[in-house]
Each structure stands twice: as C-alpha cells, then as structure tokens.
Amino acid sequence: VYMGGLDVLLDSDEIPAHKVQLNAFWIDQVEVTNGMYGLCVEAGTCRLPLKLNSDNRFDYFENPEFQDYPVVQVAWYDANAYCQWAGRRLPTEAEWERAARGDDLRTYPWGGEPPNELNSNANNIVGDVTRVGSYPAGASPFGVLDMAGNVWEWVADYYSGRYYTESPTTNPLGSDNGGLNFLRVIRGGSFQDNLFNLRVSNRGYETGPDPSAFPGEAEYYGRSSVKIGFRCVRAD
C-alpha cells in the first residue's frame, strides 16, 4: 500500500511517497462517540472530556441528543486510555492511511472528487460535528466512515516532518522524537477544514502527553480540541 502525497496539493511532510507492508488489523467503522466514551468514564477508567461542549453546542457530551456524535475535547492520553480499556489501541499513521485510501492512489477516502455536502462534514457547511456515519457516500474502500471531515483523529505516532525520509517499509510506528516536542499525529481533517486537510495523505499534529509532567498537570495529558476525536484498531 502507498503512503504519502500523490496529488498536486502534497505537502513537504508527505514525501517521499512510499510503499509499506502492514500486518492485518481491524479498524472501527466510525469515530468513538460520546456514548461509547461515556461507558469508559462510568467504569472509572477514562477522564471526562476537558470541556463538555462542542464548537457551537454548550450542552454536548452529556446530552442524550448527541450520544451518537463523536467525542471531542479528549487529549491523546484519553484516547489511548479508552482504546486500551476497550481491548484495542490507537491506529498507527500507516494503518489509518491504509484504511482511508485502500489499494489505489485516491486522494480522498471516496475517490478523487473534492469534499462536498454529500461526502463529508467539512468546509464549515454544517458548522459543528455531525452524527457518526452520516455520510455513507464518503466511505473508504473498506467501508470506513468519516475518515475525512467531522473530527481530526488522534493516531499513535509521534510527529516528525522528516519521518517519511527514514520510515521503515514494514509496520512503521512513527518517529521516536517524543523527547523533543511530544507532538502526536492527527489525521482526516475536521468540520472546519477544506480539501487540503481532508486528503488521505495529509498529516496534522497536536501536542500529546509530556511524560515528565506530573499527573494532574495539563501537560501530562496533552492538548485537546473541539475538532479532535479518535477511533481504535485491533490487530489480528
């Protein structure tokens, strides 16, 4: 399977495009929802989201109306804790791109057509997150939903803009630069983003946990956002 930028909008951190081999894995069809994450909170394993609102909804996480909407305001630490509690883990960047792109050289999960109101929640058309799975026309070749738009998704890897120049060709696990900046990769773009960030090869990042911080300090968990959620994978 190919990783990396293969279209005219490619960025410097997406090159060189390269082939990788991955072990088999299962990936969640939809992003983790408020209701799903709430079960982990009730179990005493997961923290509440840092804030309980979404971008334009004051009452969001605990509102029954939005239980099938993606959980947001969760740091990388929280996403990782949920996936472990659920018997899974965060996907690697390579696994995420494989699930979004499939076997061909498509630019978006659904193909080559730019994002529109039928295939993705993007371009601020809706202005906030939508119920997971609301855009079946935007499914990836494997039937995975909302991999472009709705919310960015945390993945396991540390971020490095030069990683593709040194990435192994089998089951790449990301940069080991955690001691430098603690940045973790996010993928897929959000409801606010345009065609550039929704491309399957686009690489975003946000600050992840700082292991030198003390539990209870914000830095120990990393940053969160109304635009970032996640999904999990399970290896065979």
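Residues numbered from 1 in each chain as written. Predicted model: local features only at pLDDT ≥ 70, side-chain atom pairs only at ≥ 80, totals over all residues. Heavy atoms only, no water.

Student: A description of the overall build of the chain should follow, citing residues and the corresponding values.
Tutor: Across its full length, the chain carries five helices and eight strands. In terms of C-alpha radius of gyration, the chain reaches 17 Å, essentially the compact-globule figure of 18 Å for 236 residues. By its C-alpha atoms, the chain is 45 × 40 × 30 Å across when sized along the principal axes. Out of the 236 residues belonging to the chain, those deemed buried represent 55%. Of the contacts made within the chain by residues no fewer than 6 positions apart, 73% connect residues no fewer than 24 positions apart. Approximately 10,400 Å² of the chain is accessible, and the part contributed by carbon and sulfur atoms is 52%. Taking the average location of the 19 positive side-chain charges in the chain and that of its 32 negative ones, the two points are 4 Å from each other. (Helix = DSSP H or I, 4+ residues; strand = E, 2+ residues; numbered from the N terminus. Rg over C-alpha atoms; globule rule 2.2 N^0.38 Å. Buried < 20%, exposed > 50% of the residue type's maximum accessible area, 1.4 Å probe, protein only. Contact = heavy atoms within 4.5 Å. Areas by Shrake-Rupley, 256 points an atom, 1.4 Å probe, with all protein chains shown as cover. Lys, Arg positive; Asp, Glu negative; His and termini not counted. Charge placed at Lys NZ, Arg CZ, Asp CG, Glu CD.)

Student: Describe helix α2 (residues 76–85), and please don't skip the residues or the numbers.
Tutor: With respect to burial, α2 is a largely interior element, seven of its 10 residues being buried. Of all the positions in α2, only W76, D78, A79, N80, A81, Y82 and C83 are classed as buried. Contact partners of the buried residues in α2: α1 (34–42), β4 (152–158), β5 (183–187), α5 (218–221) and β7 (228–230). Phi turns positive, to about 80 degrees, at G87, one or two residues after α2.

Student: Pulling in residues and values, what's your account of the nonpolar core?
Tutor: Among the nonpolar cores identified, the biggest contains 18 residues, and V32, Y37, V71, Y82, W154 and F230 are the most heavily contacted of them. Every element with two or more residues in this core is listed here: α1, α2, β4 and β7. Counting residues per element, this core draws most heavily on α2, which supplies four residues. Among residues more than four places away in sequence, those in contact with V71 are V32, T33, N34, Y37, P49, F61, I228, G229 and F230. (Core = buried A, V, L, I, M, F, W, Y, C linked by side-chain atoms within 4.5 Å.)

Student: Please give an account of the environment of A79 that cites residues and values.
Tutor: By the element assignment, A79 lies in helix α2. The spatial distance from the C-alpha of A79 to the C-alpha of C232 is 8.5 Å, given a sequence separation of 153 residues. Residues in contact with A79, not counting those within four places in the same chain, are L90, W154 and F230.

Student: Just give me the short version of the side chain of R203, but keep the residues and values in it.
Tutor: With respect to the secondary-structure elements, R203 resides in the loop between α4 (195–198) and β6 (204–207). Residue classification places R203 among the buried positions, given a relative accessible area of 4%. In this structure the side chain of R203 is engaged in a polar contact, spanning 3.1 Å, whose partner is the backbone oxygen of S160. Each residue touching R203, except ones within four places of it in the same chain, is listed here: D13, E14, E93, Y159, S160, G161, Y163, Y164, V185, I186 and R187. (Polar contact = N/O pair within 3.5 Å; in protein donor to acceptor, adjacent residues only side chain to side chain.)

Student: Give me the lowdown on the sheet that holds β5, citing residues and values where you can.
Tutor: Spatially, the four strands line up as an open sheet ordered β6-β5-β4-β7, and their pairing is mixed. The open sheet is flanked by β6 and β7, the only strands paired with a single partner. Taken pair by pair, the neighbouring strands of this sheet meet at an average axis angle of 50 degrees, ignoring direction. Strand direction decides the pairing type here: β4 and β7, joined by three bridges, are parallel. Residue pairing across strands places W152 opposite I228, the latter belonging to β7. Of the strands in this sheet, β4, β5 and β7 are in contact with α2, which crosses β4 at around 85 degrees. (Pairing = 2+ DSSP bridges. Axes fitted to C-alpha atoms, helices over the stretch in contact; angles between N-to-C directions.)

Student: I'd like a description of the side chain of N197, backed by residues and values.
Tutor: Structurally, N197 is set in helix α4. At 3.3 Å, the side chain of N197 forms a polar contact with the side chain of N202. What N197 contacts, discounting residues up to four positions off in sequence, is W152, G188, G189 and N202.

Student: Outline α1, listing residues and values.
Tutor: For α1, the set of buried residues is N34, Y37, G38 and C40. Considered in projection along α1, the buried side chains sweep an arc of 155 degrees and stay on one side of the axis. The inward-facing, buried residues of α1 abut α2 and β7. Phi turns positive, to about 85 degrees, at G44, one or two residues after α1. (Arc of directions from axis to C-beta.)

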